[in-house]
Amino acid sequence: MKSQSLPRRKFIATTATLATGALVGIPKAFSSPNILKYYGKELSVFKGVQVGVITYSYRSMPDQSAEATLQYVLDSGISAIELMGGPAESFAGMPQSPIDGRRMRSLRRKLRAGDITDDEKKEMTEMSDQMDHYNATVREWRSKAPLTKFEVLKKMYADAGVSIYCFKPGAFGTRNTDAEINYGMKAAKALGASHVTLEHPSNDDRTLKLGQMAAKHNIRVAYHGHTQQTPTFWDTALDQSDYNAMNIDVGHYVAAGYKDVLALLKEKNARISSMHLKDRKNKENGQDNLPWGQGDTPITEILKLMSTEGYKFPATVELEYKIPEGSDAVQEVRNCRDFCEKMLTS
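Residues numbered from 1 in each chain as written. Predicted model: local features only at pLDDT ≥ 70, side-chain atom pairs only at ≥ 80, totals over all residues. Heavy atoms only, no water.

*Asks:* When you look at the nonpolar core in this model, what are you seeing that I'm missing?
*Replies:* Where a protein is soluble and globular, its nonpolar side chains tend to be buried together. Counting residues in hydrophobic clusters, the biggest one holds 85 residues, and the most contacted among them are Phe150, Tyr157 and Met275. Looking at this core, the element that brings in the most residues is helix H13 (residues 329–345), giving eight residues. Sequence-distant contacts of Phe150, that is, excluding residues within four places in its chain, are made with Ala88, Glu89, Ala92, Trp141, Phe167, Tyr183, Ala187, Ala190 and Leu191. Core analysis: the second largest hydrophobic core is formed by six residues, Ile99, Leu107, Ile116 and Met127 among them. (Core = buried A, V, L, I, M, F, W, Y, C linked by side-chain atoms within 4.5 Å. Buried < 20%, exposed > 50% of the residue type's maximum accessible area, 1.4 Å probe, protein only. Helix = DSSP H or I, 4+ residues; strand = E, 2+ residues; numbered from the N terminus. Contact = heavy atoms within 4.5 Å.)

Given below as structure tokens:
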């Protein structure tokens, strides 16, 4: 499936002037019949379960703009999104990073594996210095970023039938300032999100601070985990504040060696703001990420539990298995979405 790239400036200018629900003046990529096949439809709500997607799933796609991301989501048949900082903040005018993110991630993998060369270590150090300078530039930009840009983005997505249920900018880490935290939470509310997400900082002081600041903004902050997740992983943060919540990843949880994921969802559902779905082998079987239905994550049972019990948090598709030759991220996310629909409606 080939996804269309959208003309950024034209889209922004047009969307900013649209009345809610209006179909006139929409750019070519969203004009009839394209938008009509999505308009007014909840594309991915099955038996009461909202299936969403995180923008990370489309990281292999060539265009990472907010407009292109929206088209990917629609072409995947999905109507709700966990929006990461990249598409949203670039739309709002954040300075572009000079760092080749893929190269940096590659070097970090080599460093962890212990097979990095001296020249690559030097390259990584230089890139880290560049990143420090860039982060200072971003902090300055965030202190003045206009929230109206995020409101325009919310409307652009809403007019196409896609809701933004959470926002994940890199604004909440231990190195980020209080001003950045405030910015991130305000931007999330401007986008219409009910919560923000971040990797669990493994720092009780930080989760206490974030919970307190979230209370002031009346928004939840949900912590994501990988294979460090345990049944008690979130307990301290949840005890610290009613505004601290969970962004559980059930695939990583199973890969960590735990078989009680359904029991955990039953126990903690009221404190779960959103959930990541992927199919991984368990610890005994090698922990691989696999196409859905081939791993050990009980995705079907999880979805049916959500439907039966009426859990309101969304199930977020996070594409992490290897994309087959001849396919792309949009098609594979679509396959995951279709898997959810089949399991819930059959």
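*Asks:* Just to check I follow, could you spell out the packing of aromatic side chains for this structure?
*Replies:* Aromatic ring pairs are reported here in terms of the distance separating the ring centres and the angle at which the planes meet. By the definition in use, this model includes eight aromatic pairs. Ring centres of Tyr58 and Tyr72 lie 5.5 Å apart, and the angle between their planes is 40 degrees; on these two criteria the pair is classed as tilted. Note that Tyr58 is positioned in the loop between strand E2 (49–54) and helix H2 (66–75) and Tyr72 in helix H2, a separation of 14 residues in sequence. A relative accessible area of 1% places Tyr58 in the buried class. (Phe/Tyr/Trp six-rings, centres within 6.5 Å; stacked < 30°, edge-to-face > 60°.)

*Asks:* How should H2 be read in this particular structure?
*Replies:* Residues spaced three or four apart along an α-helix point in a common direction, a consequence of the helix completing one turn every 3.6 residues. With 10 of 10 residues buried, H2 is to be regarded as a mostly interior element. Every buried residue of H2 is listed here: Ala66, Glu67, Ala68, Thr69, Leu70, Gln71, Tyr72, Val73, Leu74 and Asp75. Count one or two residues on from H2 and you reach Gly77, which has phi positive near 75 degrees.

*Asks:* Before we go on, may I ask you to explain the pairing of strand E6 (residues 220–224) in this structure?
*Replies:* Within a regular strand, the side chains alternate between the two sheet faces. Across the five residues of E6, four count as buried, placing the element largely inside the fold. Summarising the sheet, strand E5 (residues 195–199) and E6 pair through five bridges and their orientation is parallel. Pairing of Thr197 across the sheet is with Ala222, part of E6. Between the parallel elements E5 and E6, the chain passes through helix H8 (residues 204–217) in a crossover that is right-handed. With helix H9 (residues 235–240) bridging E6 and the parallel strand E7 (residues 244–249), this β-α-β connection has right-handed handedness. (Pairing = 2+ DSSP bridges. Right-handed = clockwise from strand over helix to strand, strands pointing away.)

*Asks:* Just to check I follow, could you spell out helix H4 (residues 101–113) for this structure?
*Replies:* The first and last C-alpha atoms of H4 sit 18 Å apart over 13 residues, in line with the 18 Å expected at 1.5 Å per residue. For H4, every residue scored as buried is listed here: Met104, Ser106 and Leu107. Summarising the axial view, the buried residues of H4 lie within an arc of 160 degrees, below the 170-degree limit, and thus occupy one face. Those residues of H4 that are exposed and aimed more than 90 degrees away from the buried face are Arg102, Arg112 and Ala113. Packed against the buried residues of H4 are helix H5 (118–142). One or two residues past the end of H4 sits Gly114, with phi positive at roughly 75 degrees. (Expected span 1.5 Å × (residues − 1). Arc of directions from axis to C-beta.)

*Asks:* What is the right way to read the packing of H2 against helix H6 (residues 147–159) from this model?
*Replies:* Helix-helix packing is characterised by the crossing angle of the two axes and by the distance between the axes. Look at H2 against H6: their axes get within 11 Å of each other, and the N-to-C directions meet at 25 degrees. As the angle between them shows, H2 and H6 are arranged roughly parallel. Crossing hand, H2 versus H6: right-handed. Residues Ala66, Glu67, Thr69 and Leu70 of H2 form the contact with H6, whose own contacting residues are Leu153, Met156 and Tyr157. Of the residues in the contact of H2 with H6, the class split is five nonpolar, one polar and one charged. (Axes fitted to C-alpha atoms, helices over the stretch in contact; angles between N-to-C directions. Parallel < 35°, antiparallel > 145°, perpendicular 65-115°, else oblique. Left-handed = near helix turned anticlockwise from the far one by under 90°. Nonpolar A, V, L, I, M, F, W, Y, C, P; charged D, E, K, R; others polar.)

*Asks:* Just checking my understanding: could you explain a positive patch on the surface for this structure?
*Replies:* A cluster of basic side chains, namely Arg59, Arg102, Arg105, Arg108, Arg109 and Arg112, defines a positive patch on the protein surface. Position of Arg112 relative to the elements: it lies in helix H4. (Patch = residues over 30% accessible without salt bridge, like charges linked within 9 Å, V, L, I, M, F, W, Y side chains within 5 Å. Areas by Shrake-Rupley, 256 points an atom, 1.4 Å probe, with all protein chains shown as cover. Salt bridge = Lys/Arg side-chain N within 4 Å of Asp/Glu carboxyl O. Lys, Arg positive; Asp, Glu negative; His and termini not counted. Charge placed at Lys NZ, Arg CZ, Asp CG, Glu CD.)

*Asks:* How should I be thinking about the pairing of strand E3 (residues 80–84) in this particular structure?
*Replies:* With four of its five residues buried, E3 lies for the most part within the structure. Inspection of the sheet shows E2 paired to E3 by two bridges, in the parallel sense. Across the sheet, the residue bridging to Ile54 is Glu82, located in E3.

*Asks:* Explanation requested: the pattern of salt bridges in the structure shown.
*Replies:* Under the defined criterion, the tally for this structure stands at 17 salt bridges. Notably, a salt bridge pairs Glu199 with Lys168, separated by 2.5 Å at the nearest N-O pair. You can see Glu199 sitting in strand E5 and its partner Lys168 sitting in strand E4 (residues 163–168), a full 31 residues away along the chain. The network of salt bridges with common partners includes Arg103, Lys110, Glu120 and Glu123.

These results come straight from atomic positions and should not be treated as a statement about function.
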